[in-house]
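# Structural description and commentary
Single-letter residue listing:
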Amino acid sequence: MYDLLIKNGMVVDGSGGAAYRADVAIQDGKIARMGRVNERARQTVDAEGHVVTPGFVDGHTHMDAQVFWDPIGSCSCYHGVTTAVMGNCGFTLAPCKQEDADFVFRNLERAEDLSRDAMLAGIDWSWETFPEFLDAVDHLPKGINYAGYIGHSALRTYTMGERAFTEEASEDDLKKMQQVVQEAVHAGAIGFSTSRTFNHITADDRPVASRLAHWDEVRAIVNAVGETGKGVFEIAGEAPGRDPARIRDYHERLRDLAVESGVTQTWGMFSVRVAPDFWRPYFDLLDETAAAGGRMFAQVHTRALNTLLSFESHTPYDKWELWSDIRALPLAEQKAKLSDPAIKAKLVEIANRDYTGPRIVGAEPRPPEWEYVFPMADMNYDTPSMATLAQQQGINPVELMIDMALERDLKMFFRQPIANENQDHVLEMIKHPRSVVTFSDSGAHVAQIMDSSLQTHLLSHWVREKQALSLEEAVRQITYNTATMWGLHDRGLLREGMAADVLVFDPDTIGARMPEIVHDLPAGAKRLKQTADGLLHTIVNGEILLTNNEHSGAEPGRLLRS
């Protein structure tokens with residue numbers, strides 16, 4: 001008798017091969033048999049009218065803090081993700097002593113928009129070293145599986161203390177960092193991550209610790225990872241601008257490091273409308289590196305990278321004159337003020353003044369260019385811009401934003417793309433043979449973006465609506481490809497003997513629902529929450545975690561060590 005039997009489904013096994021009708025039998029957390037299965041099981045799922053696929057693997061999340069207070073892994077779990085790789089961009093909670101937790105909070109709270117109060121209330125600190133952190137995660141109740149990098153900013157502050165935010169590493173500092181990173185990888189870290197991007201700053205407007213590192217420091221640490229014979233190097237990259245010489249220098253350093261270290265290298269890439277072809281040389285670099293003997297792949301998204309604006313969460317003007325006073329009020333009082341024509345007119349006038357503040361991703365939302373802001377009454381992405389709608393009505397876009405929000409009791413979202421505006425580019429990047437579809441940032445920017453749904457968007461938009469990808473191609477992108485790139489070789493395929501991370505979903509209805517604002521983080525902090533339609537069952541290590549996105553009570557997730 002099997003533990004679980006999935007009957008009558010169309011299997012899309014993750015390989016990219018054609019779908020076929022089969023039963024899937026599960027025993028002891030693994031796929032025991034596929035084909036026609038007549039034996040009984042303790043639990044049987046009828047998958048008639050549904051497809052059966054591997055669970056999705058998301059290689060770019062920041063669930064490091066959330067894993068301590070959220071046993072099911074939302075919102076990733078609501079969109080078919082059964083394995084999440086955390087610790088990206090150099091931001092991890094270890095290595096770090098409890099009394100030095102402010103160091104990692106300083107790196108995380110603004111760069112990744114993680115509430116310090118939530119982290120203080122929600123994390124039960126029981127580690128100092130990275131192996132001890134892995135053990136702590138291992139013992140937590142978990143709905144989905146996790147793997148994690150050791151992050152450069154935490155590694156630096158553990159080694160250097162306060163000097164990590166102001167100085168280059170000494171030779172002794174570097175030797176200690178190399179020793180600690182090797183210890184972490186041997187204990188199961190999926191690899192080493194860093195950030196060199198100007199977007200990542202601390203709450204007191206300083207660079208996060210990893211940005212102080214000279215390239216030779218990065219190179220030495222990655223080569224130390226290479227000596228272990230395993231691990232992935234993830235980098236939130238430099239911004240060389242549009243100077244061809246600077247771009248080429250950066251690309252050569254990335255290529256040479258991949259070749260000399262032998263460590264698989266990965267980074268995220270988006271298209272941006274202000275420099276629409278900036279991304280193409282990076283994709284040429286993937287092939288160049290492979291030809292030179294290195295392994296490198298790009299992480300790509302499935303749609304625009306959107307900041308979601310709302311009076312329930314953030315507007316672009318929250319810290320501006322008069323706006324800040326009104327935004328500090330309870331929503332009901334805000335609604336009354338916004339409904340006053342004189343106050344509304346003053347707010348509109350202020351909002352149209354010149355802006356001189358920061359334009360940092362992960363910090364305050366940027367003032368809109370209204371041609372690139374779209375009302376979000378539903379999940380339809382083909383809507384006129386706020387500029388177009390305001391022009392049609394003969395009013396200012398700020399006034400239109402206020403009016404539309406008031407019509408919906410301030411429960412209205414406005415979508416502001418900050419990258420990947422060109423969807424033709426998005427599709428081209430998805431189809432590149434050296435890219436993987438991931439980069440949800442789940443666990444970070446929790447009140448600003450909602451990209452945990454990038455996998456369900458791939459299936460609803462690019463497969464069902466646009467028919468730009470076959471279902472088999474799309475499933476491979478978010479299962480086998482992602483699992484393989486991160487060395488998770490027992491997942492991402494439906495094969496006998498593989499781990500039984502399995503989804504049962506309806507390809508005709510799968511898709512993200514509208515997001516909502518909830519206050520369910522520790523200390524009552526707010527976040528965006530988004531579930532999905534069409535997912536009948538989410539199965540992790542052979543146990544049903546979710547049915548129709550309702551938690552079964554099971555906690556079958558595991559820590560996956562390299």
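Up top is the structure.
Predicted, not measured: the structure shown is a model, and the values here were computed from it.

Let us now look at unusual backbone geometry. Both trends apply: most residues other than glycine have a negative phi, and most peptide bonds are in trans. Of note, the bond from S74 into C75 is cis; its omega dihedral lies within 30 degrees of zero at 5°. Geometrically, the link from A94 to P95 is a cis peptide bond, its omega value of 0° lying close to zero. Positionally, P95 belongs in the loop between β7 (81–86) and α1 (101–108). Despite not being glycine, L322 shows a phi value in the positive range, around 65°. Checked against the element boundaries, L322 lands in the loop between β14 (305–309) and α9 (323–327).

This part covers empty space enclosed by the protein. A full pass over the atoms with the stated rule returns 4 cavities of 30 Å³ or more. What the largest cavity holds in volume is close to 120 Å³. Grouping the constituent residues of the lining of the largest cavity by class yields 7 nonpolar, 6 polar and 3 charged.

Let's shift gears to the sheet that holds strand β13 (residues 296–300). Strand order in this open sheet of 6 strands is β9-β10-β11-β12-β13-β17, and the pairing throughout is parallel. Each edge of the open sheet is held by one strand with a lone partner, namely β9 (150–151) and β17 (435–437). Relative to strand β11 (residues 232–236), strand β10 (residues 191–195) is paired through 5 bridges, and the arrangement is parallel. Looking at β11, one finds that S195 is bridged to A236.

Moving on: helix α5 (residues 171–187). Helix length check: α5 (17 residues) gives 25 Å between terminal C-alpha atoms against 24 Å at 1.5 Å per residue, within 8%. Within the sequence span of α5, burial applies to D173, M177, V180, V181, A184 and V185. Down the axis, α5 shows its buried residues gathered within 135° of arc, on one side only. Among the exposed residues of α5, those pointing more than 90 degrees away from its buried face are E171, D172, Q179 and H186. Residues of α5 that are buried sit in contact with α3 (130–139), β9, α4 (152–160), β10 and α6 (215–226). Within two residues after α5, G188 carries a phi angle of roughly 125°, on the positive side.

About the criteria used
- Residues numbered from 1 in each chain as written.
- Predicted model: local features only at pLDDT ≥ 70, side-chain atom pairs only at ≥ 80, totals over all residues.
- Heavy atoms only, no water.
- Helix = DSSP H or I, 4+ residues; strand = E, 2+ residues; numbered from the N terminus.
- 1 Å grid on protein atoms, 1.4 Å probe; cavity = no way out; pocket = protein on both sides within 12 Å on 5 of 7 lines; lining within 4 Å.
- Points joined across faces, edges and corners; volume = space filled by probe spheres on them.
- Nonpolar A, V, L, I, M, F, W, Y, C, P; charged D, E, K, R; others polar.
- Pairing = 2+ DSSP bridges.
- Expected span 1.5 Å × (residues − 1).
- Buried < 20%, exposed > 50% of the residue type's maximum accessible area, 1.4 Å probe, protein only.
- Arc of directions from axis to C-beta.
- Contact = heavy atoms within 4.5 Å.

Purely geometric stuff here, so don't read any function into it on its own.
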